[in-house]
Amino acid sequence: MKNISFLFISFLILLSSCGKKNTFILEGKLDDLTSDSLVLYYIEPVYKLDTLILKKGVFKQKFNADSISLFYIILDNQEKIPVIVESGGKIQIKGNNRLYVIKGKGENKLMGETLLTLKKREVMNLPMKAQVDTFIKNNPRSYANVFLIDRFYAHDSTPDYKHIIELIQSLNGNVQDTRYLTDLLAKAKEQKGDENKYINLFNEPDKDGKTIDFRDLKNKYVLVSFWASWDAKSMEEQDSIATIVKQMKKEPFTAISVSLDMDKDAWTEIISKRDTTQWKQVCGFKGWKGNIARQIGLNKLPTNILVAKDKSIIDNDISSQTILNRIRNLIKQDKEKEKSK
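Note that the structure is predicted; figures quoted are calculated from it, not measured.

Draft legend 1. A look at the sheet that holds strand β12 (residues 253-259). The mixed open sheet is built from five strands, whose spatial order is β13-β12-β11-β14-β15. With partners counted over all chains shown, the strands left at the sheet margins are β13 (280-283) and β15 (313-315), one partner each. The sheet shows a mean angle of 30° between the axes of neighbouring strands, direction not considered. Across the sheet, helix α9 (residues 264-273) lies against β11 (221-227), β12 and β13, angled at about 170° from β13, the strand it touches most.

Set out below in C-alpha cells:
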C-alpha cells in the first residue's frame, strides 16, 4: 500500500513539473497607457490577434508553450514589444510606451539585451543595422532574428530585398521555417528587381461580400489606402481621406481603403462608426498576406498608393497632405492634353 501511495505522489509531482515545463509566463507593468487592454499580434505559428488585459498597467498571463510562438504586444502608440513563447520560460516587461526593459530567460533574455543595446545606439545617433547584422551572424539559431529582420529591414521605407534574402538564408532551418520569415522570403524573391509599376490584379470583397474590381473603376485615378483597425495612425489617415474624397467628388477620382484586419467583427464595427461610407472599403481578412498587399510589397502602415487610369502606379507611398494637389495636377494635365488634340 505504501508503495502505491509513493508511486501516486511521484506521478502527481511529475505531472506538476511537466505542467510548469510547458507553461510560459508573461508579466510586467507599463505606465502611462491610455487603455486597460493591449493587442497581441501573433506572427508564429499562425497570424492572429489576441488581447492582453491590464489592471493599472499591471499584467500577468500564462501561455501554453508546447511549441514556439512569437507575438508582439502592440502598445497604444503603436510601439511593438516582441515576445518569444518558449517552454518553461518567463518574461518580465517594465517601463512605458516610450522606453521599456525586457528581462527573461533564454531567448527573451537575449532579445532584451539586444534591444537595449540598439536603443542606446539610437539615442547616441549611431547606425543600428550593422549591429543587427552582427547579431544575426553570431546567433543564427535565435528566434530574436525574426523580430529584428521584421523591424529593421522588412519595415524599412525602401526595403533591401536582396539583403533580406541573404539574412534569412543565413539562419538555422527552424528559424527560417517560421511562418513570418517563410512569407517574407517569398515576398522578397518576388520583389527583388521588380519595380511594381502596375497593379496587375485587384479583387477584394467589401462588407457585403461583393468583390470590388479595378475593371469597375474605368477612367478614374484611384487612391489605394492600406490601414487596420488595430493601427491608430492608419485610422487617423482614414479621416484625412474622407476630406479628400469630399473635395474630389465631381472629379474622375475614387478611393479604396484596404484593411489588413483579420477579425471581421472588429473591421465592420470600425467602418460603420467612421466617415468612410463615401468610398469603397474592402478586406480579405488575410493581413499582410492579402493579394494586393503582397503584390505591391506592402511593408508598413499606413501606406497610400496612387494609381493612374491605366492602373500603373504613380506614387508608391504618397502622404495624405500631398494627395489632393497631386490629383488636381494630374487631372489638369489630362484636360490640357484633351484640348491640344
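The rest of the description comes next.
Draft legend 2. Just the pairing of strand β8 (residues 100-104), in detail. Inspection of the sheet shows strand β7 (residues 90-96) paired to β8 by five bridges, in the antiparallel sense. Bridge assignment links I93 to a residue of β8, and that residue is I102. Hairpin remark: β7 followed by β8, antiparallel, with three residues in the connecting loop.

Draft legend 3. Representation of the sheet that holds strand β5 (residues 69-74). Across the sheet, which stays open at both edges, the four strands sit in the order β3-β2-β5-β6 with antiparallel pairing between neighbours. Every other strand in the sheet has two partners, leaving β3 (48-53) and β6 (80-85) as the edge strands with one partner each. Taking the axes of each pair of neighbouring strands and ignoring which way they run, one obtains an average angle of 30° across the sheet. Where strand β2 (residues 37-44) and β3 come together, six bridges link them in antiparallel fashion. If you follow S37 over to β3, its bridge partner there is I53.

Draft legend 4. View of helix α11 (residues 320-340). With 21 residues, α11 should reach 30 Å at 1.5 Å per residue; the first-to-last C-alpha distance of 31 Å fits that figure. Listing the buried residues of α11 in full gives S320, I323, L324, I327, L330 and I331. An end-on view of α11 places all buried positions within 135° of arc, on one side of the element. Every exposed residue of α11 that faces more than 90 degrees away from the buried side is listed here: Q321, K332, K339 and S340. Here the buried face of α11 lies against β11, α8 (232-247), β12, β14 (303-307) and β15.

Draft legend 5. Local environment of unusual backbone geometry. The step from E44 to P45 runs through a cis peptide bond, and the omega angle for that step is 5°. Within the fold, P45 resides in the loop between β2 and β3. One non-glycine residue, Q78, lies in positive phi territory at about 75°. Along the chain, Q78 turns up in the loop between β5 and β6. Judged by its relative accessible area of 22%, Q78 falls in the partly exposed class. In this structure, K311 takes a positive phi of about 75° despite not being glycine. By the secondary structure assignment, K311 is in the loop between β14 and β15.

Rules of the game
Residues numbered from 1 in each chain as written. Predicted model: local features only at pLDDT ≥ 70, side-chain atom pairs only at ≥ 80, totals over all residues. Heavy atoms only, no water. Pairing = 2+ DSSP bridges. Helix = DSSP H or I, 4+ residues; strand = E, 2+ residues; numbered from the N terminus. Axes fitted to C-alpha atoms, helices over the stretch in contact; angles between N-to-C directions. Contact = heavy atoms within 4.5 Å. Expected span 1.5 Å × (residues − 1). Buried < 20%, exposed > 50% of the residue type's maximum accessible area, 1.4 Å probe, protein only. Arc of directions from axis to C-beta.

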